[in-house]
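Notes for the structure review
Single-letter residue listing:
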Amino acid sequence: MPNTMLSFKHLLRPVWGGEERKSWCLLLLRTMINGGNLVDNDSAVAGGVEDMYGEDIATMGQPVTPWTVSVASGYTLMRDPRHNKGLAFTERERDAHYLRGLLPPIVLSQELQEKRIMHMLRQYKVPLQRYMAMMDLQERNERLFYKLLIDNVEELLPVVYTPTVGEACQKYGSIFRRPQGLYISLKEKGKILEVLKNWPERSVQVIVVTDGERILGLGDLGCQGMGIPVGKLSLYTALGGVRPSACLPITIDVGTNNEKLLNDEFYIGLRQRRATGQEYAELLHEFMSAVKQNYGEKVLIQFEDFANHNAFELLARYSSSHLVFNDDIQGTASVVLAGLLAALKLLGGTLADHRFLFLGAGEAGTGIAELIALEMSKQTGNLIEENRKKIWLVDSKGLIVNSRKHSLQHFKKPWAHEHEPVSKLVDAVKAIKPTVLIGTSGVGKQFTREVVEAMASINEKPLIMALSNPTSQAECTAEEAYTWSEGRAIFASGSPFDPLEYDGKVFVPGQANNAYIFPGFGLGVIMSGAIRVHDDMLLAASEALAAQVTEEHFKKGLIYPPFSDIRKISANIAAKVAAKAYELGLASHLPQPEDLVKYAESCMYSPIYRTYR
C-alpha cells in the first residue's frame, strides 16, 4: 500500500483540469485506501453525504492531505481558502508542501491570527468596512473566518448579517470582488442543470436561494441580493456546524424593478424589468427540478427574501415534492414563537390566554400568526380556526376585518374577524386590547409614543416585538419602548440594540433573530435525513429554543438566550427537530442515534486548523 500511495500521489502532482477528472482521482484513491471498496461506510457523515475532503471523518489530531485538483502545494496551497493557514503553517509543513520562502519566517498560531484580525476589525469605524474585511478573510482563509465568527459571534453577527448585510446588498455592485455562489439568470433558461454542474462541490446539503425582490426591509435589490444567501450560509456553518463545502448560495436573476439599480453603471445583474407570470414560474420550476436531479431528495432548499406573492406560492407548490423551508415565513415564525413561549414566564398564563396584534400582514406576519395558532391547538386541543380569533392583523389599510374579505389576498383571509373597520394602529390597540404587539411591517417608526403608551396603559408588562430589519426599519427602538412604557415593557427586535439604563435599571434588549433557528433547524433536518419539512418540526424548534432561556436571563428581561451559547443552542434545536422527524416517519437515516444532542455536536464542523502531511 505505501508504494501504491506514493505512485498515485506522484501521478496526481500535475494540476489536472475538469471536475470529473478530480472526482475520478479522489474516487480511485478512496478505492485503494478501502481495499478495493468503492464505498467507505466509515466516511458517512450527517446527512448521508460522503465527506470527500476529510473535513469530518478525521479527528483534530489526525493529519489530512489538502486535496484540491491535485495535492495542494506551494503557491496554490496558500491561495486555496479551504486549506490555507497563513502564517500558521509549521516548519515541517513548509518543507513538505514547498512553502519555504513563500512566507515570512515567523509561525503564528491560529489564536494569535484571530487576535490580530479582531484588532484590525475594531479599528474600522464604518460597519461596511468590517463586512468587506470579513468577506475578504472568508475568501482567503476559510477556517480562520469561521473561528473568528464562532468565538466572537455577538460582536460579528451584526457585521456578516443584519444590519450590515443590508447596506452591503445595496452597494454590492460597487464592492463586488469575487463571485460567491451561483448566479442563475434568464440567460440560463433551458440549461440550469448544466449551471449547477459548474459548481465544484457535488456533496451539497443546503441551498439558500433568493430572487432579490424583497431584501430585508429594503425592497427590490435584484441580483445584488446575493449578500443574503452568502450571509445566511456562513451562519449555517458558524452557528449550526454545517460544513462550508456542503453549502451553496444561489441568486435567481429575473431582472429588477429598481430604477436606481437599472441606471447604475456598476449594477451586476440583468438590466431589465422583472419577469413575471409564466416566464418566472417556468424558470423556477426548471431550477427546482434541476436541484433535485443534481443533488437528490435530501438537499434542503431555503427560500429567502422572495416577495409575498411568490413566497407563499413557491412554498405551497414545492413543500410536498421537495425539502423546502422559507425562512421569512417559517423561520421568523419559529423564533418569534420561541420568544413568546419564554415570555410566558414573565407574563403569566398560557399562550391561549393572550391576545396578539400584528402590524404587517405579509409573509412574516401571517407565518408567525399561523404558528402561534398551531401551538395553541397543540396545547389546548382547540380547532385552529378558534385560535385564530385571538390573533389580529393590521396592514396598510387598517385592521383586517370581515368586511374587507372580498379584497384581501388569500393568505390574509384567515385573519379577517368580525369587527368594525379601524384604520389607525393606535385605535386598533385601544379596541383589541392586545397583550402582545408584534411589528413585521418593514416600515420604521410605526410604534409611536402614542401606540406604546396605549399598550402600557392596558398591560402591566406589555410585550413589544419590533421585528423589521435592518435597524433603520425597526418599528421602534429599544430606548423608545422602555422609556415610553416607563420601564415596564418586555422588548425584542429583529436587529440588535445595545443595553441601556432607564431609571437606574439596566435593560438588555432581546433579539428575535432567525439565526437562533435556521442553523440548528437545518442541522436537524440534515442529520436525520429528513425528506420533507413538517409544521411540527418548526414547533419543536421553537420549544427547544424557549427551553434554553434561564432564570438568569429572565432577571435581565431577556426572552432569548445570549448568542454566545449559540452552538449549544443549535445542537439542542437540531436534536428536537431530528427527533420529531423520526417520530413523524420523515427521517431516512436509520437507526435513530440514542443521544441526538451528542450526535448533533459530533456532526458540527470545527474551524480548528488541521495538520498537513
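Within an unreviewed UniProt entry, the label attached to the protein chain reads Malic enzyme, and the organism entered is Gossypium stocksii. Its UniProt record gives the protein chain a comment under Sequence similarities (unreviewed entry), which states: "Belongs to the malic enzymes family."

Focus on the sheet that holds strand 8 (residues 398-399)
With respect to topology, seven strands assemble into an open sheet ordered 8-7-6-9-10-11-14, the strand pairing being mixed. The open sheet is flanked by strand 8 and strand 14 (510-511), the only strands paired with a single partner. Summarising the sheet, strand 9 (residues 436-439) and strand 10 (residues 463-466) pair through four bridges and their orientation is parallel. By the bridge assignment, L437 is partnered in strand 10 with I464. Contacting strand 6 (356-359) and strand 7 (391-395), helix 17 (residues 363-380) crosses the sheet at an angle of about 165 degrees to strand 6.

Section: the UniProt feature "binding site: a divalent metal cation" (unreviewed entry) in the protein chain
Under the present numbering, the feature "binding site: a divalent metal cation" (unreviewed entry) in UniProt falls on E304, D305 and D328. Over a stretch of 25 residues, the named residues converge on one spot in the fold, their C-alpha atoms separated by at most 6.7 Å. Within the secondary structure, D305 is located in the loop between strand 4 (300-303) and helix 15 (308-318). Looking at D305, its side chain comes within polar contact range of the main-chain nitrogen of L216, at 3.2 Å. Position of D328 among the secondary structure elements: in helix 16 (residues 327-347). Dropping the residues within four chain positions of it, D328 is found in contact with R214, F303, E304, D305, F306, E363 and A364.

Regarding the sheet that holds strand 5 (residues 324-326)
Spatial strand order, 1-3-2-4-5: five strands in an open sheet with parallel pairing. Bordering the open sheet on either side are strand 1 (182-185) and strand 5, each of which pairs with just one other strand. Strand-to-strand twist in this sheet, taken as the mean axis angle between neighbours without regard to direction, amounts to 25 degrees. Bridge count between strand 2 (residues 206-210) and strand 3 (residues 247-253): five bridges; the pairing is parallel. Bridge pairing in strand 3 links I207 to L248. Set on the sheet, helix 12 (residues 227-240) makes contact with strand 2, strand 3 and strand 4; between it and strand 3 the angle comes to about 165 degrees. Strands strand 4 and strand 5 of the sheet are contacted by helix 15, whose axis makes an angle of about 155 degrees with strand 5.

Brief notes about the pattern of salt bridges
Any two side chains of opposite charge can pair, given that their charged atoms come close. For the structure shown, the criterion picks out 30 salt bridges. For E167, the salt bridge is made with K171, and the minimal N-O distance between the two is 2.7 Å. By relative accessible area, which is 38% here, K171 ends up partly exposed. Among the charged side chains, a network of salt bridges with common partners joins R214, D305, D328 and E363.

Side note on the nonpolar core
I372, M465, F521 and Y560 are the most contacted members of the largest nonpolar core, which has 125 residues in total. Grouped together as the second largest cluster of nonpolar side chains are 36 residues, V195, L196, V204 and Y295 included.

About the cut-offs
Residues numbered from 1 in each chain as written. Predicted model: local features only at pLDDT ≥ 70, side-chain atom pairs only at ≥ 80, totals over all residues. Heavy atoms only, no water. UniProt positions renumbered as here; feature names shortened; annotations may be inferred. Pairing = 2+ DSSP bridges. Helix = DSSP H or I, 4+ residues; strand = E, 2+ residues; numbered from the N terminus. Contact = heavy atoms within 4.5 Å. Axes fitted to C-alpha atoms, helices over the stretch in contact; angles between N-to-C directions. Polar contact = N/O pair within 3.5 Å; in protein donor to acceptor, adjacent residues only side chain to side chain. Salt bridge = Lys/Arg side-chain N within 4 Å of Asp/Glu carboxyl O. Buried < 20%, exposed > 50% of the residue type's maximum accessible area, 1.4 Å probe, protein only. Core = buried A, V, L, I, M, F, W, Y, C linked by side-chain atoms within 4.5 Å.

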